[in-house]
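# Commentary on secondary and tertiary structure
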Amino acid sequence: MTAQLIDGNALAKTIRTEVAGRTAALKARGVNPALSIILVGEDPASQVYTKHKVNDSTQTGLEATLETYPADMTEADLLARIRALNDDPKVHGILVQLPLPKHMDSQKVIETISPTKDVDGFHVASAGALMTGAPGFWPCTPHGCMKMLEAIGYDLRGKHAVVIGRSNIVGKPMAMMLLAKSATVTICHSATQDLGAITRQADVVVAAVGKLNLLTADMVKPGAVVIDVGMNRKADGKLAGDVDFDGVKEVAGWITPVPGGVGPMTRAMLLVNTLEAAERAAK
Ligand code: NAP
């Protein structure tokens, strides 16, 4: 069997087109959806990510501002800047790029962002909203994975979904989103014993660990949907996920590639969240 590919690049392009249309409609009503991104320090990867976020936004018609601060910025100054953005009605989304310098308490910084502007979905209020089904912002990566399942018309009701990884930004929210669609959900982590025995029972596997070849063909039920969130560098410097793509694609029914899978979807969902923040503010 050769799995069908879930093309994250193509799906993200469709989502960006939808965002551009809704953004234009909002602008016609005099509302300019705007995202403020804060970068503290000079982490090279963070510089690349924030640049992408600005470019993605402006290409879809959203306003995006990148504020950069030196690594020795005080936490008090950062919190003051976030509060000012919270109070600015022209700003709809606020994103503080992680990781922050070690002298800052990341959770405290995130909790300072108004939940109405928390477009990364990392605020405890956003996590609570996801848990209870209240309106809020869903973290972009698991939200993007859900969009991929939606795009292939996959009915999760009664299916067994296995999420490997339990971080607050990927694994746990992913599990909640799958549960909300009435899947039976198993969450695995570093202490899980005999991972393969569990994943072999899964109709859907989401791998979000950060370990090359964590999921191999012998661990996958024939026809299963396999979503690869992992991002790893191979010895040759190339990007790869957690899934042994070449082996697993012969067993799975659907599979996401790395690169070109969950990554572009994560980027697209930030645009969706920013637009939704502006639409909610305009109501
Ligand atoms: P994280 O916070 O390091 O969490 C990794 C999780 O994997 C932990 O829950 C850990 O378990 C679990 N784990 C570690 N070794 C394991 C094993 N052998 N078997 C089963 N579970 C194991 O990482 P993260 O932030 O969630 O990110 C996970 C991966 O996704 C990384 O590669 C990251 O780069 C990637 N990522 C990609 C995107 C994207 O847009 N494509 C976005 C975000 C993250 P414990 O909790 O027990 O330690």
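Residues numbered from 1 in each chain as written. Predicted model: local features only at pLDDT ≥ 70, side-chain atom pairs only at ≥ 80, totals over all residues. Heavy atoms only, no water.

## Looking at helix H6 (residues 140-151)
Under the convention used in this document: Labels follow the DSSP assignment, with helices taken as runs of H or I lasting at least four residues and strands as runs of E lasting at least two, numbered in each case from the N terminus. Multiplying 1.5 Å by the helix residue count minus one yields the expected span of that helix. Only protein chains enter the accessibility calculation, which uses a 1.4 Å probe; a residue is then buried when its area is under 20% of its type maximum, exposed when over 50%, and partly exposed in between. Residues count as neighbours in contact if any of their non-hydrogen atoms are within 4.5 Å of one another.
An ideal rise of 1.5 Å per residue puts 16 Å on 12 residues; H6 measures up with 16 Å between its terminal C-alpha atoms. A large share of H6 lies buried, amounting to 9 of its 12 residues. Those residues of H6 not exposed but buried are Cys140, Thr141, Pro142, His143, Gly144, Cys145, Met146, Met148 and Leu149. Looking at the buried positions of H6, the neighbouring elements they touch are helix H1 (8-28), helix H7 (171-180), strand S7 (204-207), strand S8 (225-228) and helix H10 (262-282). A positive backbone phi angle near 70° is found at Gly153, which sits one or two residues after H6.

## Some remarks on unusual backbone geometry
Omega for the bond connecting Leu98 with Pro99 falls within 30 degrees of zero, at 0°, which places this linkage in the cis form. Within the secondary structure layout, Pro99 lies in the loop between strand S4 (93-96) and helix H4 (106-112). Between Val258 and Pro259 the backbone carries a cis peptide bond, its omega angle lying at 0°. Along the chain, Pro259 falls in the loop between strand S11 (254-255) and H10.

## Concerning the sheet that holds S8
Note: strands within a sheet are paired through backbone hydrogen bonds, in either parallel or antiparallel orientation. To keep things clear, this is the line we draw: When DSSP finds at least two bridges between two strands, those strands are taken to pair.
Judged by pairing direction, the sheet is parallel, and its 6 strands sit side by side in the order S1-S11-S8-S7-S5-S6 without closing on themselves. A single partner strand is all that each edge strand has here, and the edge strands are strand S1 (4-5) and strand S6 (184-188).

## Description of the pattern of salt bridges
Operational definition: The working definition used for a salt bridge is a side-chain nitrogen of Lys or Arg within 4 Å of a carboxyl oxygen of Asp or Glu.
Applying the stated criterion across every chain yields a total of 9 salt bridges. Of the charged contacts in the structure, one is a salt bridge between Asp56 and Arg267, with a shortest N-O distance of 2.8 Å. Of this pair, Asp56 sits in helix H2 (residues 44-59) while Arg267 sits in helix H10; the two residues are 211 residues apart in sequence, bridging distant segments of the chain. Asp56 sits in the buried class, given a relative accessible area of 9%. The salt bridge involving Glu276 is made with Arg280; its shortest N-O contact spans 3.5 Å. Here Arg280 and Glu276 lie together in helix H10, a separation of 4 residues that amounts to about one turn.

## Re the packing of aromatic side chains
Where we set the bar: Any two of the Phe, Tyr and Trp rings considered here, Trp counted by its six-membered ring, make a pair once their centres fall within 6.5 Å; the pair's planes then place it as stacked at under 30 degrees, edge-to-face at over 60, or tilted in between. By the criterion adopted, a ring carries a charge over it if an Arg CZ or a Lys NZ lies within 6 Å of its centre and within 35 degrees of its normal.
According to the stated counting rule, one finds 0 aromatic pairs in the structure shown. Taking the ring centre of Tyr154 as reference, the NZ or CZ of Lys159 above it sits at 5.0 Å.

## A few points about the nonpolar core
Inclusion rule: To form a nonpolar core, buried Ala, Val, Leu, Ile, Met, Phe, Trp, Tyr and Cys residues must be joined to one another through side-chain atoms within 4.5 Å. Each domain's limits were defined by an automated method or a database of domain assignments.
One finds Ile15, Leu149, Leu178, Ile227 and Val229 to be the most contacted residues of the largest nonpolar core, which totals 47 residues. Of all the elements in the fold, those that place two or more residues in this core are H1, strand S2 (34-40), H6, strand S5 (160-164), H7, S7, S8 and H10. With 10 residues, the top contributor of residues to this core is H10. Inspection of this core shows a minimum of three residues originating in each of domain 1 (30-114) and domain 2 (140-262). If we skip the residues at most four places from it in the chain, Leu178 touches Met146, Leu149, Leu156, Ala161, Val163, Ala183 and Val185. Membership of the second largest hydrophobic core comes to 19 residues, among which are Ala202, Met219, Val248 and Ala252.

## Topic: the side chain of Thr23
Note that Thr23 resides in helix H1. Given a relative accessible area of 1%, Thr23 falls into the buried group. Filtering out sequence-adjacent residues up to four positions away, Thr23 remains in contact with Pro33, Thr60, Gly61, Leu62 and Leu275.

## Describing the site of the ligand
Operational definition: Neighbouring residues are identified by heavy atoms, a residue being near a molecule or strand if any of them is within 4 Å of it. Pairs of N or O atoms within 3.5 Å make up the polar contacts considered here, provided that, within protein, one atom can donate a hydrogen while the other can accept it, and that residues adjacent in sequence are counted only when both atoms are side-chain atoms. When residues are sorted by character, Ala, Val, Leu, Ile, Met, Phe, Trp, Tyr, Cys and Pro go into the nonpolar class, Asp, Glu, Lys and Arg into the charged class, and all the rest, Gly among them, into the polar class.
Close to the ligand lie 19 residues, the nearest being Arg166, Ser167, Ser190, Met231 and Thr266. Here an oxygen atom of the ligand sits 3.0 Å away from a polar atom, N or O, in the main chain of Met231. Looking at which element gives the most residues to the shell around the ligand, the answer is H10, with 3 residues. Here the residues of the shell around the ligand are counted per class, giving 9 nonpolar, 9 polar and 1 charged.

## What about the layout of surface pockets?
One simple way to see leftover space: roll a probe sized like a water molecule over the atoms. Test applied: For cavity detection a 1 Å grid was placed over the protein atoms alone, and a set of points counts as a cavity when a 1.4 Å probe fits there but cannot get out; an open set counts as a pocket when protein lies on both sides within 12 Å along at least five of seven lines, with lining residues being those that have an atom within 4 Å of a point. Grid points are joined across faces, edges and corners, and a volume is the space filled by probe spheres set on the points.
The calculated volume of the largest pocket comes to roughly 1200 Å³. The wall of the largest pocket is formed by 41 residues, among which Tyr49, Thr141, Met231, Gly263 and Thr266 lie closest to the centre. Counting only elements with at least two residues in the lining of the largest pocket, the list comes to H1, H2, S4, H6 and H10. Of the residues belonging to the lining of the largest pocket, the class tally is 22 nonpolar, 11 polar and 8 charged. When we break the lining of the largest pocket down by domain, the ones giving at least three residues each are domain 1 (30-114) and domain 2 (140-262). Estimated volume of the second largest pocket: approximately 450 Å³. Surrounding the second largest pocket, 23 residues form its lining, Ala127, Asn168, Ile169, Lys172 and Pro173 being those nearest its centre. Among the secondary structure elements, those contributing two or more residues to the lining of the second largest pocket are H4, helix H5 (124-132), H7 and S6. Structurally, the lining of the second largest pocket is a two-domain feature, drawing no fewer than three residues from each of domain 1 (30-114) and domain 2 (140-262).

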